[in-house]
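This is what each chain is made of:
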Amino acid sequence: GTIKKMIRKERGRTPYMTLRNPDKFPACATALKPKPSFQQLEKLLKAKKKSARQKCSDIYKLISKKYNCDKSLHHLRVMDMLFCTNEGTQEGLEARREFIFHNFLNQVLLLSTQEVSQDEKLTHDDVKLLRWMYYQTAGPPGTTKEEARRTYIEEFEKLLDDAEGSIEKRYGQVYKSLQSEEGADEFFAIGRELYYTGKNQALKHSTFQRLPDFIRNQNGIQAVRDLKAVGAIQNAGEFCDLLQGRHRLFGDQPIIRLFLGDPNNTGKILRCINSQKTRCFKGDSTLWRSLLLIWQICLQEKIMEEFEERMSAIKEKVEGVSFKRAPGVKGFVRSYEKTVTYGEDFTEGVDASMRVIDGLRCSFVVDSISQNLQVGKLIEETFGVARTKNMHQRGNVGYADRKYNVVFVSNMNVEGVTKVKGVESPIQMICEIQVLLKEYYAIKADGHLLYEFQRQPVQKAPLNLRSTTRDAKNCVCAFAKFWILVVVTLVVFLILSKRAGCYVSNCIPTCQVSNYPRCESCDIGWGCDGYFLQWKTVECYYIEDDWDIIDCFCTHSGNTTRCNHFNYNNTRTNAPTSSPTPFPTYEGF
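Residues numbered from 1 in each chain as written. Predicted model: local features only at pLDDT ≥ 70, side-chain atom pairs only at ≥ 80, totals over all residues. Heavy atoms only, no water.

(A) Broad picture of the pattern of salt bridges. By the definition in use, this model includes 27 salt bridges. With a closest N to O distance of 3.5 Å, Arg334 and Glu337 form a salt bridge. Taken together, the residues Arg334 and Glu337, both in helix α16 (residues 332-345) and three residues apart, mark about one turn of the helix. (Salt bridge = Lys/Arg side-chain N within 4 Å of Asp/Glu carboxyl O. Helix = DSSP H or I, 4+ residues; strand = E, 2+ residues; numbered from the N terminus.)

(B) Local environment of the packing of aromatic side chains. Under the definition given, this model contains 19 aromatic pairs. Both rings, one in Tyr175 and one in Phe188, keep their centres 5.9 Å apart while their planes meet at 85°; by these two values the pair is edge-to-face. Of this pair, Tyr175 sits in helix α9 (residues 153-178) while Phe188 sits in helix α10 (residues 184-189), and the two are 13 residues apart along the sequence. Geometrically, the ring pair formed by Tyr399 and Tyr440 is edge-to-face, given 6.5 Å between the ring centres and 80° between the ring planes. Of this pair, Tyr399 sits in the loop between β4 (384-390) and β5 (402-409) while Tyr440 is found in helix α18 (residues 438-455), placing the two residues 41 residues apart along the sequence. Site record: aromatic cluster; members linked through ring pairs are Phe101, Tyr134, Tyr135, Tyr152, Phe156 and Phe453. A cation sits over an aromatic face here: Lys71 above Tyr60, 5.3 Å from the ring centre. If you follow Arg149 out to its NZ or CZ, it ends over the ring of Tyr134, 4.9 Å from the centre. (Phe/Tyr/Trp six-rings, centres within 6.5 Å; stacked < 30°, edge-to-face > 60°. Lys NZ or Arg CZ within 6 Å of the ring centre and 35° of its normal.)

(C) Expanded view of the environment of Lys169. On the secondary structure map, Lys169 appears in helix α9. Exposure remark for Lys169: the relative accessible area of 57% places this residue in the exposed category. Remark: the alpha-carbon pair of Lys169 and Gln114, spanning 55 residues in sequence, is separated by 9.8 Å. (Buried < 20%, exposed > 50% of the residue type's maximum accessible area, 1.4 Å probe, protein only.)

(D) How the structure looks around the sheet that holds strand β2 (residues 322-325). Spatially, the six strands line up as an open sheet ordered β1-β4-β5-β6-β3-β2, and their pairing is mixed. The two strands at the open ends of the sheet, each matched to only one other strand, are β1 (193-195) and β2. Here the average twist between neighbouring strands, direction ignored, is 20°. Packing of helix α15 (residues 285-315) onto the sheet brings it into contact with β2, β3 (361-366), β5 and β6 (428-437), and relative to β5 it is tilted by some 115°. (Pairing = 2+ DSSP bridges. Axes fitted to C-alpha atoms, helices over the stretch in contact; angles between N-to-C directions. Contact = heavy atoms within 4.5 Å.)

(E) Structural view of α15. Counted at 1.5 Å a residue, the expected span for α15 with its 31 residues is 45 Å, and the 42 Å between its end C-alpha atoms agrees. Ile303 marks where α15 bends most, by close to 50°. Of all 31 residues making up α15, 22 are buried, and the element is well covered by its neighbours. (Expected span 1.5 Å × (residues − 1). Bend = angle between axes of the 7 residues up to and from the residue.)

(F) Focus on unusual backbone geometry. In this structure, the amide linkage connecting Lys35 to the following residue, Pro36, adopts the cis form with an omega of 5°. Considering the arrangement of structural elements, one finds Pro36 in the loop between α2 (26-32) and α3 (38-46). Despite not being glycine, Asn68 has its phi angle at roughly 50°, a positive value. Of note, Asn68 is situated in the loop between α4 (52-66) and α5 (78-83). The backbone of Cys69 shows a phi angle near 75°, a positive value even though the residue is not glycine. In this fold, Cys69 is placed in the loop between α4 and α5.

(G) Local environment of the pairing of β6. The element β6 is extensively covered by neighbouring structure, given that nine of its ten residues are classed as buried. Pairing of β3 with β6, which is carried by six bridges, proceeds in the parallel orientation. From the neighbouring strand, Ser363 faces β6, where its bridge partner is Gln434. When β5 meets β6, the two strands line up antiparallel, connected through eight bridges.

(H) The arrangement of the side chain of Glu306 in detail. Summarising the element assignment, Glu306 is placed in helix α15. There is a polar contact of 3.1 Å between the side chain of Glu306 and the side chain of Arg310. Those residues within four positions of Glu306 in sequence are excluded, and the remaining contacts are Phe408, Val409, Ser410, Asn411 and Met412. (Polar contact = N/O pair within 3.5 Å; in protein donor to acceptor, adjacent residues only side chain to side chain.)

(I) Highlighting the nonpolar core. Core analysis: the largest hydrophobic core is formed by 120 residues, its most contacted members being Phe104, Phe364 and Ile379. In terms of residue count, α15 provides more of this core than any other element does, 15 residues in total. Ranked by size, the runner-up nonpolar core spans five residues in total, among them Leu203, Ala386, Val407 and Ile430. (Core = buried A, V, L, I, M, F, W, Y, C linked by side-chain atoms within 4.5 Å.)

(J) Quick peek at helix α6 (residues 90-112). Taking 1.5 Å as the rise per residue, α6 with 23 residues should run 33 Å; its terminal C-alpha atoms sit 31 Å apart, in good agreement. Of all the bends found along α6, the most pronounced is centred on Phe101 and spans about 40°.

(K) Representation of the packing of helix α7 (residues 124-137) against α18. The geometry of α7 relative to α18 is characterised by a closest axis approach of 11 Å and an angle of 15° between their N-to-C directions. When the interaxial angle is binned, α7 and α18 end up roughly parallel. Pair α7 / α18 crosses with right-handed handedness. Between α7, through Val127, Leu130, Arg131, Tyr134 and Tyr135, and α18, the contact on the second element is made entirely by Leu449, Glu452 and Phe453. Each residue belonging to the contact of α7 with α18 can be placed in one class, and the counts come to six nonpolar, no polar and two charged. (Parallel < 35°, antiparallel > 145°, perpendicular 65-115°, else oblique. Left-handed = near helix turned anticlockwise from the far one by under 90°. Nonpolar A, V, L, I, M, F, W, Y, C, P; charged D, E, K, R; others polar.)

Okay, here's the thing in structure tokens:
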């Protein structure tokens with residue numbers, strides 16, 4: 001079938017790269033071959049007198065034509081075109097990379113940093129295409145810049161220097177114009193970095209917000225309760241999924257080995273929790289750092305709306321100021337990368353994520369220096385300030401803004417307002433506020449992609465792939481094994497469902513704990529044939545807490561299907577008079 005997405009393997013290889021003998025498997029080779037092909041892309045880019053905007057538009061049209069109006073960039077498999085040995089010799093692939101550089105990257109990247117008219121400016125889709133082409137030409141994860149761009153490395157470095165020079169020149173022009181503005185002397189005299197915390201206090205959340213109990217005790221049972229209190233998990237099924245690397249904060253890609261190192265060891269922490277041990281996996285800093293970061297992000301999500309409301313109130317007090325909301329709390333993957341860095345730089349323990357203080361953030365864009373000073377004064381009067389940074393210094397002709405790290409005290413846990421159970425009152429988190437002049441804001445937006453490329457010059461593997469050690473076979477074997485398992489699973493399901501009713505599961509393979517709202521479907525005739533029984537089971541344990549429904553089974557009674565609900569002490573409620581023994585049976589509740 002059609003390969004709709006690039007599936008990265010353990011070494012960053014695509015399915016096409018894993019096919020070592022295309023002549024032996026011609027059908028597989030045909031299915032995996034890039035479409036559109038490099039020859040089609042080459043013909044399009046060779047056209048003379050085309051602007052960067054026109055080239056971007058033509059590439060989208062090429063994809064759309066090939067895939068029935070779907071112009072998703074994952075169809076443009078440039079990495080396979082440029083790095084897969086099934087596409088040609090090493091010399092031929094290097095020539096292809098150089099061609100893409102000279103006929104696309106060079107022109108489009110330079111344009112993205114220049115001050116041009118609105119008609120010439122890259123659109124949002126054009127920027128997405130530029131990012132895609134840049135990282136696809138960087139090769140699979142683990143490929144160095146020198147390996148990927150060997151034949152044009154000097155020209156590539158010059159391109160980045162020219163693009164950076166274009167941005168710096170624009171910043172310099174703004175800096176020069178500010179010197180004669182009203183209030184410039186006061187503005188540039190503000191210290192570069194000022195701390196307002198106590199002498200021995202670290203700039204991290206835990207200076208103001210008490211750590212959750214599960215981190216102080218490294219207690220697994222308490223971790224479940226604290227994570228549920230901030231909305232990180234809602235039921236036992238979601239906790240089971242979390243330990244196996246799936247959570248809404250992780251996006252579409254499960255982070256398989258982040259918590260226990262080996263997904264097959266999921267049962268270890270469950271057994272540890274069930275045994276009521278005081279500490280589980282005490283020495284596993286990755287596990288506890290990850291759980292604390294999830295707790296931290298979910299707590300910030302709870303107070304985000306209140307944070308934005310109180311920030312936007314400042315905007316109303318200064319005419320002409322624009323308030324820019326962040327797209328959300330800083331994501332898990334980027335925050336985890338910073339957590340690891342802070343853990344090394346500050347020799348932090350499991351609470352290293354407490355130093356990620358820009359999870360909640362926003363910006364004010366102002367027209368003048370006087371407005372900048374006004375907004376800054378209002379921030380200082382409204383919130384407790386832990387640190388300020390003023391990059392507007394004499395001689396700084398590059399990017400500049402003013403940053404405030406404020407201690408935001410939420411009203412959520414005060415008397416009379418809904419409280420977050422298990423979190424000490426009041427909630428006090430450090431947040432980041434940027435105050436930017438509009439000229440700097442516009443240039444920063446144009447230079448953002450260049451900054452990203454400089455910070456991350458090569459393609460990184462997703463977090464779960466950086467820590468995995470499994471050596472997968474080629475794509476043909478993988479597909480064959482998958483379909484064999486599917487067939488075996490369906491046969492086992494059909495046999496067991498007739499003998500013992502059917503089991504509702506929402507967990508991934510190594511654990512079966514269901515999400516109880518799905519049981520409600522039984523009442524409206526959700527039939528057993530729609531359920532999928534995992535072929536492999538392990539022991540699952542439920543933490544006695546506020547959840548009174550831990551699992552459900554659907555059983556047949558005549559021609560009807562209905563749910564049997566179980567509470568935490570394993571007694572059946574609303575059960576039919578005569579019911580089959582549910583499958584599988586559990587131990588250790």
